[in-house]
Amino acid sequence: MMLSASAAALVAVVLLAGAVGHAAKPSVLAGALRAHDMFAPRLVAPLAVAVPLAELAPALLAAHALLTGRPGELRAAMSGAAVLLCGYAAYAFHVARTREEVPCGCSAGATPMTVWVAVRAAALAVLAACAVVGADPAVTAAGHRLVIAALAGAVFGTMLWELPSMMTPPPNRSLR
């Protein structure tokens, strides 16, 4: 069940990176939400504050569960993460299909909103669900397995994090 711990670590790392990025540059997320034109203007600022908190909660709970060997806590964290990420996937898919040339707002990056943003969120939701199913005492065992799971989670999290920007063609630039 090492795969479940790696999946949980991956999801936690990505959510933590998202929360930190949003908190570091809150105007980027607010600007993206305005560009998406999905919410009343009065809701944009509160949403820009709520999003990083919603990402931080399951990330910290999962990290605590992995470090202390609490499978019930890990299931709760990953269940919350799966729900959040399913919501992100549905939202991203809708925005990508109904708006052109809008920013993603993903962790203060310049990534455009594309279907790949939705695919990344859906993949992370599936991984969170897998971590829920596999969360047993062996998954959250401390020691060398936790280190391996954390490292694997960080590597795969980075790869998934960069997926949308890697799948977006660069802007046309003339060569001089």
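Residues numbered from 1 in each chain as written. Predicted model: local features only at pLDDT ≥ 70, side-chain atom pairs only at ≥ 80, totals over all residues. Heavy atoms only, no water.

Undergrad: How would you explain the overall build of the protein if you had to name every residue and give the values?
TA: Check the secondary structure of the protein and you find 6 helices and 0 strands. Ordered by position in the sequence, the α and β elements of the protein form the string α-α-α-α-α-α. A buried classification covers 40% of the 176 residues belonging to the protein. Residue pairs in contact within the protein that sit at least 24 positions apart in sequence constitute 75% of those at least 6 positions apart. For the protein, the exposed area adds up to about 9,300 Å²; of that, 70% sits on carbon and sulfur atoms. (Helix = DSSP H or I, 4+ residues; strand = E, 2+ residues; numbered from the N terminus. Buried < 20%, exposed > 50% of the residue type's maximum accessible area, 1.4 Å probe, protein only. Contact = heavy atoms within 4.5 Å. Areas by Shrake-Rupley, 256 points an atom, 1.4 Å probe, with all protein chains shown as cover.)

Undergrad: Can you explain the environment of Val11? Please cite residues and give values.
TA: Considering the arrangement of structural elements, one finds Val11 in helix α1 (residues 2-24). When the C-alpha positions of Val11 and Ala128 are compared, they lie 6.4 Å apart, and in sequence the two are 117 residues distant.

Undergrad: So what's going on with the confidence of the model for the protein? Residues and values would help.
TA: With 80% of its residues at a pLDDT of 70 or more, the protein has an overall mean of 83. For the protein, per-element mean pLDDT is lowest for helix α6 (residues 144-167), which scores 67, and highest for helix α4 (residues 71-98), which scores 95. (pLDDT = per-residue confidence, 0-100.)

Undergrad: Quick rundown of the layout of surface pockets? Include the residues and the values.
TA: Rolled over the atoms, a probe with the dimensions of a water molecule shows which regions are left empty. One number sums up the size of the largest pocket: a volume of about 440 Å³. When contributions to the lining of the largest pocket are tallied by element, the ones reaching two or more residues are α1, α2 (26-36), α3 (41-68), α4 and α5 (115-134). When residues of the lining of the largest pocket are assigned to their parent elements, the largest contribution, 5 residues, is made by α4. Here the residues of the lining of the largest pocket sort into 20 nonpolar, 5 polar and 2 charged. (1 Å grid on protein atoms, 1.4 Å probe; cavity = no way out; pocket = protein on both sides within 12 Å on 5 of 7 lines; lining within 4 Å. Points joined across faces, edges and corners; volume = space filled by probe spheres on them. Nonpolar A, V, L, I, M, F, W, Y, C, P; charged D, E, K, R; others polar.)

Undergrad: An account of α2 is needed here, citing residue identities and associated values.
TA: Those residues of α2 that sit buried are Leu29, Ala30, Ala32, Leu33 and His36. Mapping the buried residues of α2 onto a view down its axis gives an arc of 160°, with all of them on the same face. More than 90 degrees from the buried face of α2, the exposed residues found are Ser27 and Arg34. Looking one or two places after α2, you find Asp37, whose phi comes out positive at around 55°. (Arc of directions from axis to C-beta.)

Undergrad: Give a detailed account of the pattern of salt bridges, specifying residues and quantitative values.
TA: All told, the structure shown has 1 salt bridge when counted by the stated rule. As a salt-bridge pair, Arg70 and Glu73 come within 3.8 Å of each other at their nearest N and O atoms. Since its relative accessible area comes to 43%, Arg70 is described here as partly exposed. (Salt bridge = Lys/Arg side-chain N within 4 Å of Asp/Glu carboxyl O.)

Undergrad: Give me the state of the cysteines: which residues, what numbers.
TA: In total, this model carries 1 disulfide according to the counting rule given. Across the disulfide, Cys104 is cross-linked to Cys106 (sulfur-sulfur distance 1.7 Å). Each member of the pair Cys104 and Cys106 is classed as buried. (Disulfide = S-S within 2.5 Å.)

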